[in-house]
Each structure stands twice: as C-alpha cells, then as structure tokens.
Amino acid sequence: MPTEPARAVAYPAKVYSVQIAAAAVQTADVAPFALRLALLVVLLLIAVLFGATGYLGWRGRLTPSGRLGVRTASALTDWASFELTNRVAGLPTLVAGVIAAFSGAAAFGLPTLAGSLVAAGIGLVAAIALAAAGGVMGDRAAKMMLASKPTNQASCAGCACGGCEATAAG
C-alpha cells in the first residue's frame, strides 16, 4: 500500500492576526521619552554622588568635617577610625555608583514602559543596598579597631611592648 506524502498546510490568516496583535502590544507599551530621560538623569545623579563619595573615601580624602562619607558614632571617634571606615566603605559605594549609572542607561535604552521601570527600580535598589552594606562594613571595621585599642591609655603608649599586660596582671 503506497503512503501519501505529508502535506504542509499554511494558515496565513492566523499568522497574520498574531503579527497584528504583537504590533499592537509593542505600540501600546512604549515608554514616553520624557520618562526615560527623567529616569536616566535621576540615576546618573545618584551615580555621581555614590561614585564620588566612594572614590574619595577609598582614597582617604574625606574629612570628618565634611558632609560625605560614613558618619556613625564609631567612625567619628577619631581621625583614624573615620579614615578606616570610609576606606572600607569606599569600594562598595563606588561600585554602587557604577550600578546606578548602568541601570540609568538601561532604563533609557529600553523602549517599553515596564522594561524601563524594572531596570531603574532594580538598579536603584541594588545601588542603595550596596552602599548601605559598605557603610555597615566600614562601621564594623571602626568598631573592631576601637575595640583593639588599649583601654588604660594613661599607663600604655600602645607600643605592644608587653608592659601593659604586666601592669594589669601585677
């Protein structure tokens, strides 16, 4: 018994209707240029703030009398703890600035409203979370440094000669 060859059946009407529906969705979900530009500007401003603060802190160029940097109680105890705190927090804050800049560019470059808002939201949350994590790490470093300092500074110069332990034990 001979078998029939398989026949290809095309349904151009259904393909055409799917193409029209996809085109309608694309034109309805286009983000306005002004919104994409506003997201770009806001995220670039955040990127410059985080980037400059992170870079200056990482390089040790922030001062306790300024307005930038990690400003916790343990960080403001003395100059060395402030510098350590901001050096530790500097790199994560700098990376948070880079993330904010890239998310702003992504929000501007994506043509859909949902894509722009998701890119901006994820980038903003990631940048703030990373900068906050850097601040927490810097504060912990300052607390550890302050805890390692000798408590009896009247009889100890902090030279690690071993005399402080002998004085405390005797």
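Refer to the structure above for everything that follows.
First things first, this report covers the structure right here in the doc. (Residues numbered from 1 in each chain as written. Predicted model: local features only at pLDDT ≥ 70, side-chain atom pairs only at ≥ 80, totals over all residues. Heavy atoms only, no water.)

## So, the nonpolar core
Piece 1. If you look at the biggest cluster of nonpolar residues, it comprises 6 residues: Ala47, Phe50, Ala96, Ala100, Ala127 and Ala131.
Piece 2. Apart from residues lying up to four places away in sequence, Ala127 is in contact with Phe50, Ala96, Ile99 and Ala100.
Piece 3. Counting 5 residues, the second largest nonpolar core, distinct from the first, contains Leu39, Leu43, Ala119 and Ala120. (Core = buried A, V, L, I, M, F, W, Y, C linked by side-chain atoms within 4.5 Å. Buried < 20%, exposed > 50% of the residue type's maximum accessible area, 1.4 Å probe, protein only. Contact = heavy atoms within 4.5 Å.)

## Description of the side chain of Thr93
Piece 1. Relative to the helices and strands, Thr93 resides in helix α3 (residues 79-109).
Piece 2. Judged by relative accessible area, Thr93 falls into the buried class, the value being 9%.
Piece 3. With residues near it in sequence (within four places) discarded, Thr93 still touches Phe50, Gly51, Thr53, Gly54 and Ala131. (Helix = DSSP H or I, 4+ residues; strand = E, 2+ residues; numbered from the N terminus.)

## Some remarks on a nonpolar patch on the surface
Piece 1. Together, Phe33, Leu37, Val41 and Leu45 line one region of the surface with nonpolar side chains, adding up to about 380 Å² of accessible area.
Piece 2. Within the element layout of this structure, Leu45 appears in helix α2 (residues 33-59).
Piece 3. Given the relative accessible area of 58%, Leu45 is considered exposed. (Patch = residues over 30% accessible without salt bridge, like charges linked within 9 Å, V, L, I, M, F, W, Y side chains within 5 Å. Areas by Shrake-Rupley, 256 points an atom, 1.4 Å probe, with all protein chains shown as cover. Salt bridge = Lys/Arg side-chain N within 4 Å of Asp/Glu carboxyl O.)

## Details of the pattern of salt bridges
Piece 1. Here the structure, examined in full by the defined rule, presents 3 salt bridges.
Piece 2. Between Asp78 and Lys149 there is a salt bridge, with the nearest N and O atoms lying 2.5 Å from each other. One end of the pair, Asp78, is in the loop between α2 and α3; the other, Lys149, is in the loop between α4 (113-148) and α5 (163-169), and 71 residues separate them in sequence.
Piece 3. Note that Arg87 is salt-bridged to Glu83, the shortest N-O span being 3.2 Å. With Arg87 and Glu83 both in helix α3 and 4 residues apart, this pair spans about one turn of that helix.
Piece 4. For Glu83, a relative accessible area of 26% puts it in the partly exposed group.

## A look at the packing of α3 against α4
Piece 1. At a minimum axis distance of 8 Å, the contact between α3 and α4 shows a crossing angle of 175°. In terms of their interaxial angle, α3 and α4 are classed as roughly antiparallel.
Piece 2. Of the residues belonging to the contact of α3 with α4, the class tally is 23 nonpolar, 9 polar and 1 charged. (Axes fitted to C-alpha atoms, helices over the stretch in contact; angles between N-to-C directions. Parallel < 35°, antiparallel > 145°, perpendicular 65-115°, else oblique. Nonpolar A, V, L, I, M, F, W, Y, C, P; charged D, E, K, R; others polar.)

## Concerning the environment of Ala142
Piece 1. Inspection of the secondary structure assignment puts Ala142 in helix α4.
Piece 2. Distance from Ala142 to Thr85, taken between C-alpha atoms, is 5.6 Å for residues 57 residues apart in sequence.
Piece 3. Non-local contacts of Ala142, meaning those with residues more than four positions away in its chain, are made with Ser74, Ala75, Ser81, Leu84 and Thr85.

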